Amino acid sequence: MSRDLPGFAEQGAHHGVRRLHTVDLGAGDTSVVFLHGLGGTARYWQSTPVPPVFPGIHTQLVDLYGFGASPRPWCRYTVARHLEALRRTLCSSRPQVLVGHSLGAALALAFAARHPASVQGLVLIGLPQFGSRDDAATWFRQQPGGWIYTNLLATMLACVVTRRVARGLLPHLIRDVPRVVAQDLVQHNAMSSATSLWNVIYRHDSAADAAALPPDLPVVCIHGRDDRTAPISRIRSLHRHRPEWALLELEADHHPWLRQPRACQAAIGELVGQVRPPVIVHATGAITPGAGD
């Protein structure tokens, strides 16, 4: 795969963007990285009364390639380009737990399949798993307004209209999500939104990534029972093939983190507790990380 990435500085350059934009919270021996969904930004995770922080843990909120304050070049956003942007941002640090929502969940799963040594665990929230572009199109055509999301040009046009015409109205028109989430629905461009949808969700089969994961990697799937964007039946089927995974079904739609943040935070914290290096208490009372830090 070419390492060229539009919007990023060339290798060896002294100036320019070299990594995705991140927000860092807290400090600790373990890192938890949050990846937002399509149309989101890092602020998605900070929009509820329950913050994405854990005692003694380093939290990193990432703006995906083409979204938020990260580079947003006018190009095709492929799985390979998204993963290369994440690699440049994440692989220089210690192994971490990845938490992804929707598009971010698909990318977290794909990243773990390709860089297993860099990932300690996965939390997949609202994972959109369809199997094929045709199956995705069939599902979305059954949803209100779904025809827009099964036609690439219509999707791009809807994105342009939203960003240029309805930008200031979104917090008033979309009342079922926090205000900052509605505001950030314009923090991308038509190419980053539409081609990420097509290449990462429609044309990419996450089941193949799931099959490639190390069998001992802790994975938790969190899914809303009333999810009309990512069918829960697909996740239940995936879980049957990977019974070692944990599946937490919540009374929620496609946004469990927004509807039941405490339950999501608890599930993430439990997984982090499984992979966090042990702490050694010395006779003097000093505390240091154990082997594996």
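S.K.: Could you give an account of the pattern of salt bridges, naming the residues involved and the relevant values?
M.R.: By the definition in use, this model includes eleven salt bridges. Here R114 makes a salt bridge to D209, at a shortest N to O gap of 3.0 Å. Here the residue R114 occupies a position in helix α2 (residues 103-114), and D209 occupies one in helix α8 (residues 206-212), the gap between them amounting to 95 residues. The salt bridge involving R259 is made with D176; its shortest N-O contact spans 3.9 Å. Of this pair, R259 sits in helix α10 (residues 256-259) while D176 sits in the loop between α5 (170-173) and α6 (179-183), placing them 83 residues apart in sequence. Classification of R259 as partly exposed rests on a relative accessible area of 30%. Given the relative accessible area of 47%, D176 is considered partly exposed. One continuous salt-bridge network, built from bridges that share partners, spans R225, R236, E249 and E251.

S.K.: Give me the lowdown on helix α7 (residues 190-202), citing residues and values where you can.
M.R.: Three or four residues apart is the spacing at which side chains of an α-helix point the same way, because the helix has 3.6 residues per turn. A maximum bend of about 25° is found in α7 at S196. Where α7 begins, the side chain of N189 points an oxygen toward the backbone nitrogen of M191, at a separation of 3.0 Å.

S.K.: Summarise the nonpolar core; cite the residues concerned and give the values.
M.R.: Burial of nonpolar side chains together is a common tendency in soluble globular proteins. Core analysis: the largest hydrophobic core is formed by 49 residues, its most contacted members being L86, L122, L124, L213 and W245. Looking at this core, the elements with two or more residues in it are β2 (30-35), α1 (79-90), α2, β5 (119-125), α3 (133-141), α7, β6 (219-224) and α9 (232-241). With ten residues, α2 is the single largest residue contributor to this core. Apart from residues no more than four positions distant in its own chain, W245 is found in contact with L109, L124, A210, L213, V219, C221, L238 and H239.

S.K.: Give a description of the side chain of S102 that names residues and reports values.
M.R.: With respect to the helices, strands and loops of the structure, S102 is situated in the loop between β4 (96-101) and α2. On the accessibility criterion, S102 (7% relative accessible area) is buried. Not counting residues up to four positions away in its chain, the partners in contact with S102 are G37, I125, G126, P128 and H254.

S.K.: Just give me the short version of the pairing of strand β3 (residues 57-62), but keep the residues and values in it.
M.R.: Here β3 lies mainly inside the structure; six of its six residues are buried. Neither face of β3 is open: one carries I57, T59 and L61, the other H58, Q60 and V62, and all of them are buried. Relative to β3, strand β1 (residues 22-25) is paired through four bridges, and the arrangement is antiparallel. Bridge pairing links T22 to V62 in β3. Strand direction decides the pairing type here: β2 and β3, joined by six bridges, are parallel. Counted as the bridge partner of V33 is Q60 from β3.

S.K.: Lay out the environment of S31 in plain terms, naming residues and giving numbers.
M.R.: Examined against the element boundaries, S31 turns out to sit in strand β2. The buried category is assigned to S31, whose relative accessible area is 8%. Once the C-alpha coordinates of S31 and H58 are considered, the two residues, 27 residues apart in sequence, prove to be 4.6 Å apart. The contact partners of S31, leaving out residues within four places of it in the chain, are H58, Q96 and V97. Within the structure, S31 has its side chain in polar contact with the side chain of H58 (distance 2.9 Å).

S.K.: Give me the lowdown on the sheet that holds β6, citing residues and values where you can.
M.R.: Ordered by their spatial adjacency, seven strands build an open sheet running β1-β3-β2-β4-β5-β6-β7, and the pairing between neighbours is mixed. Only two strands of the sheet have a single partner each, and these edge strands are β1 and β7 (246-250). Pairs of neighbouring strands in the sheet enclose a mean axial angle of 15°, with direction left out of account. Pairing geometry for β2 and β4, over five bridges, is parallel. Paired with F34 across the strands is V99, a residue of β4. Contacting β2, β4 and β5, α2 crosses the sheet at an angle of about 155° to β5.

S.K.: Go over a positive patch on the surface with me, naming the residues and quoting the values.
M.R.: A surface patch of positive charge is lined by R76, R133, R141 and R203. For R203, a relative accessible area of 48% gives the class partly exposed.

What counts, and where the lines are drawn
Residues numbered from 1 in each chain as written. Predicted model: local features only at pLDDT ≥ 70, side-chain atom pairs only at ≥ 80, totals over all residues. Heavy atoms only, no water. Salt bridge = Lys/Arg side-chain N within 4 Å of Asp/Glu carboxyl O. Helix = DSSP H or I, 4+ residues; strand = E, 2+ residues; numbered from the N terminus. Buried < 20%, exposed > 50% of the residue type's maximum accessible area, 1.4 Å probe, protein only. Bend = angle between axes of the 7 residues up to and from the residue. Polar contact = N/O pair within 3.5 Å; in protein donor to acceptor, adjacent residues only side chain to side chain. Core = buried A, V, L, I, M, F, W, Y, C linked by side-chain atoms within 4.5 Å. Contact = heavy atoms within 4.5 Å. Pairing = 2+ DSSP bridges. Axes fitted to C-alpha atoms, helices over the stretch in contact; angles between N-to-C directions. Patch = residues over 30% accessible without salt bridge, like charges linked within 9 Å, V, L, I, M, F, W, Y side chains within 5 Å. Areas by Shrake-Rupley, 256 points an atom, 1.4 Å probe, with all protein chains shown as cover. Lys, Arg positive; Asp, Glu negative; His and termini not counted. Charge placed at Lys NZ, Arg CZ, Asp CG, Glu CD.

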